[in-house]
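Architecture and fold: a report
Chain by chain, the residues run as shown.
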Amino acid sequence: MAIEAEMRRKIAVSIVAVGVFIALIVGIGATYNQSGLISTGGLALVGAITAFVLVMAGIGVWLSRSS
C-alpha cells in the first residue's frame, strides 16, 4: 500500500508537533518538579496543553486549505 505525498506530509507535521509537545511536557516536569509538581508547574502544564490544542487546530486548518 503506497502512501501519497500529501498524506506523508500530514503525518510528518503531526509527528513533529506531538514530539514538540512531549518534549515540552518533559521540560515542564523537569523544571517544576520539587517533590511533586508545584502550582506554577501546574499552570505551565495547563498552558502547554492549551497551546498544543490550538497549534494542532491551526495545523489542521492550514493542511486542509493547502491541499
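Residues numbered from 1 in each chain as written. Predicted model: local features only at pLDDT ≥ 70, side-chain atom pairs only at ≥ 80, totals over all residues. Heavy atoms only, no water.

An unreviewed UniProt entry lists the chain under the name Transporter, from Haloferax volcanii.

Observations regarding the overall build of the chain
So the rule is basically this: A helix here means a DSSP run of H or I that spans at least four residues, while a strand means a run of E at least two residues long, and both kinds are numbered starting from the N terminus. The reference for a compact globule is 2.2 Å times residues^0.38; the radius of gyration itself is calculated from the C-alpha atoms. In what follows, a contact means two residues having at least one pair of non-hydrogen atoms within 4.5 Å. The Shrake-Rupley method, run with a 1.4 Å probe, gives the accessible areas here. Residue values count only the displayed protein chains as cover.
Across its full length, the chain holds two helices and zero strands. Radius of gyration (C-alpha) of the chain: 16 Å, far over the 11 Å computed for a compact globule of 67 residues. Counting only C-alpha atoms, the chain reaches 50 × 25 × 15 Å along its principal axes. Pairs at least 24 apart in sequence give 60% of the contacts found in the chain among residues at least 6 apart. Summing over all exposed atoms, the chain offers an accessible surface of approximately 4900 Å²; the carbon and sulfur share of this is 72%.

Comments concerning the packing of helix H1 (residues 5–31) against helix H2 (residues 39–66)
The axes of two packed helices give the description: the angle between them and the distance between them. For clarity, the cut-off: Comment: axis = line fitted to C-alpha atoms, over the contacting stretch for helices; angle = value between 0 and 180 degrees taken between N-to-C directions. Roughly parallel covers angles under 35 degrees, roughly antiparallel covers those over 145, roughly perpendicular covers 65 to 115, and oblique covers all other angles. Three categories are distinguished: nonpolar for Ala, Val, Leu, Ile, Met, Phe, Trp, Tyr, Cys and Pro, charged for Asp, Glu, Lys and Arg, and polar for the others, with Gly belonging to the last.
The interhelical angle for the contact between H1 and H2, taken along N-to-C directions, is 170°, at an axis separation of 10 Å. Between H1 and H2, the angle is such that the two are roughly antiparallel. Side by side, H1 and H2 meet where Glu6, Arg9, Lys10, Val13, Ser14, Ala17, Val18, Phe21, Leu24, Ile25 and Ile28 of the first sit next to Gly41, Ala44, Leu45, Ala48, Ile49, Phe52, Met56, Ile59, Trp62, Leu63 and Ser66 of the second. Here the residues of the contact of H1 with H2 are counted per class, giving 16 nonpolar, three polar and three charged.

Considerations on the environment of leucine 63
Mapping leucine 63 onto the fold places it in helix H2. It is 9.0 Å that separates the C-alpha atoms of leucine 63 and arginine 9, two residues lying 54 residues apart in sequence. Those residues within four positions of leucine 63 in sequence are excluded, and the remaining contacts are Glu6, Arg9 and Lys10.

Observations concerning the UniProt feature "transmembrane region" (unreviewed entry) in the chain
Selection rule: UniProt positions are given in the numbering used here, feature names are shortened, and annotations may be inferred rather than shown by experiment.
Feature annotation in UniProt assigns "transmembrane region" (unreviewed entry) to the following positions: residues 12–32 and 38–63. Along residues 12–32 the backbone is 95% helical and 0% strand, and the end-to-end C-alpha distance reaches 30 Å. Counted over residues 38–63, helix gives 96% and strand 0%. Its end C-alpha atoms are 37 Å apart.

Thoughts on the pattern of salt bridges
Spelled out, the test is: In what follows, salt bridge is the name for a side-chain nitrogen of Lys or Arg lying within 4 Å of a carboxyl oxygen of Asp or Glu. Only protein chains enter the accessibility calculation, which uses a 1.4 Å probe. A residue is then buried if its area is under 20% of the maximum for its type, exposed if over 50%, and partly exposed in between.
The tally for this structure, following the rule as stated, stands at one salt bridge. The partner of glutamate 6 in a salt bridge is arginine 9, with the nearest N and O atoms 3.0 Å apart. A residue pair is termed a helical-turn pair when its members lie 3 or 4 positions apart in one helix, as glutamate 6 and arginine 9 do in helix H1 at three residues. On the basis of relative accessible area, arginine 9 is assigned to the partly exposed category, the value being 30%.

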